Amino acid sequence: MGIEEKLPSGVLLTTVEGVAGYMRKASFWPATFGLACCAIEMMTSGGPKYDLARFGMEVFRASPRQADLMIVAGRVSQKMAPVLRQIYDQMADPKWVLAMGVCASSGGMFNNYAVVQGVDHIVPVDMYLPGCPPRPEMLMDAILKLHHKIMNEPLGAKRERQLARAQADGTAKDLLVEMPSTVRADKNARRAYEQAAAEGRTGQFAIEQRNGNAVLLPEERPTGLGKAWR
């Protein structure tokens, strides 16, 4: 029982871009950059209950030269901003940034002269995660969305120009597929959702998953999720 049984003749054709994207998203090594209370949630995500090792990223590196994902967890002060930028510059390309929490994303409730009003003033941000603080489930959801973005990133300057032209013409496909956690837990439902997203009918799909209801009522417990559903 293996992948060879799923292939017609034991041959799998793909692109270098697809393989590179798969390897990159499956080997995320985050840099340790916890600044405030969001860092507690980030550390919890790496613990046994949430287990970031499932995504190949349980190793939080102390050296930026061994990391490719910076999770900015917490508020960034004006004194910390040059340090953050230096660590970002020391990270090897390709690299990505995830702003964890409202303070890292926009300054949060610290609207004063001492706190940077959004880490995107210092480094380019690939994914914003709201919350104060966001729970580990929210962090993992943001990481999965970043995985999807990386899987579809162009490889090389030529592909970037092609993607830019496709976006200008309106023919580029949407890279972000919003997938509910209740759907992600079921392989068949996940494939059906991806098909619905490709056809632009995710709203109708959500209603069908709820047996025609506009919202999922609290007493309706999805099957097959165990303790993962709340």
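Residues numbered from 1 in each chain as written. Predicted model: local features only at pLDDT ≥ 70, side-chain atom pairs only at ≥ 80, totals over all residues. Heavy atoms only, no water.

Quick notes on the state of the cysteines
Counting across every chain of the model gives 0 disulfides. With no disulfide partner, Cys37 has as its closest neighbouring cysteine sulfur the one in Cys38, 5.0 Å distant. The class of Cys37 is partly exposed, set by a relative accessible area of 47%. (Disulfide = S-S within 2.5 Å. Buried < 20%, exposed > 50% of the residue type's maximum accessible area, 1.4 Å probe, protein only.)

Some details on the packing of helix H1 (residues 16-25) against helix H5 (residues 136-151)
At a closest axis distance of 8 Å, the pairing of H1 and H5 adopts a crossing angle of 155°. Comparing the axis directions of H1 and H5 gives the class roughly antiparallel. The crossing of H1 and H5 is right-handed. Counting all contacts with H1, which are made through Gly18, Gly21, Tyr22, Arg24 and Lys25, the residues of H5 involved are His147, Ile150 and Met151. Residue composition of the contact of H1 with H5, grouped by class: 3 nonpolar, 3 polar and 2 charged. (Axes fitted to C-alpha atoms, helices over the stretch in contact; angles between N-to-C directions. Helix = DSSP H or I, 4+ residues; strand = E, 2+ residues; numbered from the N terminus. Parallel < 35°, antiparallel > 145°, perpendicular 65-115°, else oblique. Left-handed = near helix turned anticlockwise from the far one by under 90°. Contact = heavy atoms within 4.5 Å. Nonpolar A, V, L, I, M, F, W, Y, C, P; charged D, E, K, R; others polar.)

So, the nonpolar core
Judged by nonpolar contacts, the single largest core of 22 residues is most densely connected at Leu69, Leu98, Met100 and Leu139. Looking at this core, the elements with two or more residues in it are helix H2 (38-45), strand E2 (69-73), strand E3 (96-100), strand E4 (127-129) and H5. For this core, the element with the most residues is H5, which contributes 6 residues. Ignoring anything within four residues of it in the chain, the contact list for Leu98 reads Leu69, Met70, Ile71, Val72, Met127, Leu129, Leu139, Ala142 and Ile143. Core analysis: the next-biggest nonpolar cluster, separate from the first, contains 17 residues, Val72, Val76, Ala81 and Val125 among them. (Core = buried A, V, L, I, M, F, W, Y, C linked by side-chain atoms within 4.5 Å.)

Regarding the sheet that holds E2
Strand pairing in a sheet is mediated by backbone hydrogen bonds. Such pairs are either parallel or antiparallel. In spatial order, the strands read E1-E2-E3-E4; together these 4 strands make up an open sheet with parallel pairing. The open sheet has two edge strands, strand E1 (30-31) and E4, and neither has a second partner. Both E1 and E2 contribute to a ladder of 2 bridges, which runs parallel. Each residue of the ladder has a partner; that of Pro30, found in E2, is Leu69. (Pairing = 2+ DSSP bridges.)

Overview of unusual backbone geometry
Cis geometry marks the peptide bond from Asp93 to Pro94, where omega comes out at -5°. When you line up the elements, Pro94 lands in the loop between helix H3 (81-90) and E3. Pro133 follows Cys132 through a cis peptide bond whose omega is -15°. Relative to the helices and strands, Pro133 resides in the loop between E4 and H5. Although it is not a glycine, Asp51 sits at a positive phi angle of roughly 60°. Look at Asp51 and you get partly exposed, because its relative accessible area is 30%.

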